[in-house]
Amino acid sequence: MTTPTRAAETMTTSPRLAVWGDPIAHSRSPQLHTAAYRVLGLDWVYDRRQVTAEAFDDALAGLDGGWRGLSLTMPLKERAFAAAASVDRHAELTGVVNTLLLGERPAGFNTDVGGIVDALGDDGITGVRSVRILGAGATAASALVASAELGSEHVEVRARRPERAAALIALGRRLGVQVDVDLLDAAPTAVDLTVSTLPGGADLDESVARALSADGGALFDVAYAPWPSALGAVWQQRPVISGLGMLLHQAVRQVRIFVNGDPAAPLPDERAVLTAMRDAL
């Protein structure tokens, strides 16, 4: 494997990377990645760009050979999955890609699953038996896989439109996890952990939020802006964890991919990289 420094020296121009999504102005990915590459001694350029789902294919086709990779956020993760020539296991399970390593045959990865697991681990949550997931979109699929990897055999999905959760039920069967689906405001049951994949700033009735919190265990909310979220503001149990940890740890995996080609291959002096990225949040 070529070392990062040598990789940088062999480039005639600085490799380019970016995060794409719609909206995108709020993204903190440029700060995180820039901090990492600075520690690694790489002069790589990482920007942000607003790209709609409809414009994604043309935007991707328009990139030249100076581009090394992309981070993808809403609503582009399914489009990126379709564009990848190969995908890792987490992407294959969830049907979404949040990281593209570019080249003649773009490789797709889902680093959100590992980001969730590591963020929970930071707060001492390394195993759960029962989980409630709020929402039924792309991030809910990553939360379901993460729940299975933490040992959960039962996941309760709550959504405003339960019919959207059919894919999660099928995914649960593949993972050996029982998935039950109900409305967001249905009477809650007791669980060890609640994972909210609702968008930041989502309008959630306070009475529903309080009911969910009563027996909801710890709260992991993927949202981080604004914070506290509607759930975080009223949650009755602890810990209450924002999505910043997930953002940090999934980004570490992205940096590994862009540098080493492997989300599991540690970076040189990764502890210093992680510290710099955490300070950039």
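Data block above holds the structure.
About the cut-offs
Residues numbered from 1 in each chain as written. Predicted model: local features only at pLDDT ≥ 70, side-chain atom pairs only at ≥ 80, totals over all residues. Heavy atoms only, no water. Axes fitted to C-alpha atoms, helices over the stretch in contact; angles between N-to-C directions. Helix = DSSP H or I, 4+ residues; strand = E, 2+ residues; numbered from the N terminus. Parallel < 35°, antiparallel > 145°, perpendicular 65-115°, else oblique. Left-handed = near helix turned anticlockwise from the far one by under 90°. Contact = heavy atoms within 4.5 Å. Pairing = 2+ DSSP bridges. Phe/Tyr/Trp six-rings, centres within 6.5 Å; stacked < 30°, edge-to-face > 60°. Buried < 20%, exposed > 50% of the residue type's maximum accessible area, 1.4 Å probe, protein only. Lys NZ or Arg CZ within 6 Å of the ring centre and 35° of its normal.

(A) Region of the structure containing the packing of helix 6 (residues 112–122) against helix 7 (residues 138–149). Across the interface, helix 6 lies against helix 7 with an axial gap of 8 Å and an inter-helix angle of 50 degrees. Considering the angle they form, helix 6 stands oblique to helix 7. For the crossing formed where helix 6 meets helix 7, the hand is right-handed. Residues D112, V113, I116 and V117 of helix 6 form the contact with helix 7, whose participating residues are S142, A143, V145, A146 and E149.

(B) Region of interest: the side chain of S27. Relative to the assigned elements, S27 resides in the loop between strand 1 (16–21) and helix 2 (29–39). Non-local contacts of S27, meaning those with residues more than four positions away in its chain, are made with V19, R48 and Y224.

(C) Inspection of the sheet that holds strand 11 (residues 218–221) at higher detail. Read from one edge to the other, the open sheet built from 6 strands follows the order 9-8-7-10-11-12, with strand pairing classed as parallel. Strand pairing shows two members of the sheet lacking a second neighbour, strand 9 (178–183) and strand 12 (240–241), which therefore form its edges. The pairing of strand 10 (residues 193–196) with strand 11 spans 4 bridges and is classified as parallel. Its bridge partner lying in strand 11, S196 is registered against D221.

(D) Examining the packing of aromatic side chains more closely. Counting across every chain of the model gives 2 aromatic pairs. Judged by centre distance (5.2 Å) and plane angle (50 degrees), the ring pair of Y37 and W44 falls under tilted. For Y37, a relative accessible area of 1% translates into the label buried. One cation-aromatic arrangement involves R49 over W20; the distance from NZ or CZ to the ring centre is 5.1 Å.

(E) Molecular detail of the sheet that holds strand 4 (residues 86–87). Spatially, 2-1-3-5-6-4 is the arrangement adopted by the 6 strands of the open sheet, whose pairing is mixed. In this open sheet, the two edge strands, each paired with only one partner strand, are strand 2 (45–50) and strand 4. Relative to strand 3 (residues 67–72), strand 1 runs parallel, the two being bridged by 5 bridges. Across the sheet, R16 pairs through a bridge with W67, a residue of strand 3. Of the strands in this sheet, strand 1, strand 2 and strand 3 touch helix 2, which is tilted by about 170 degrees from strand 2.

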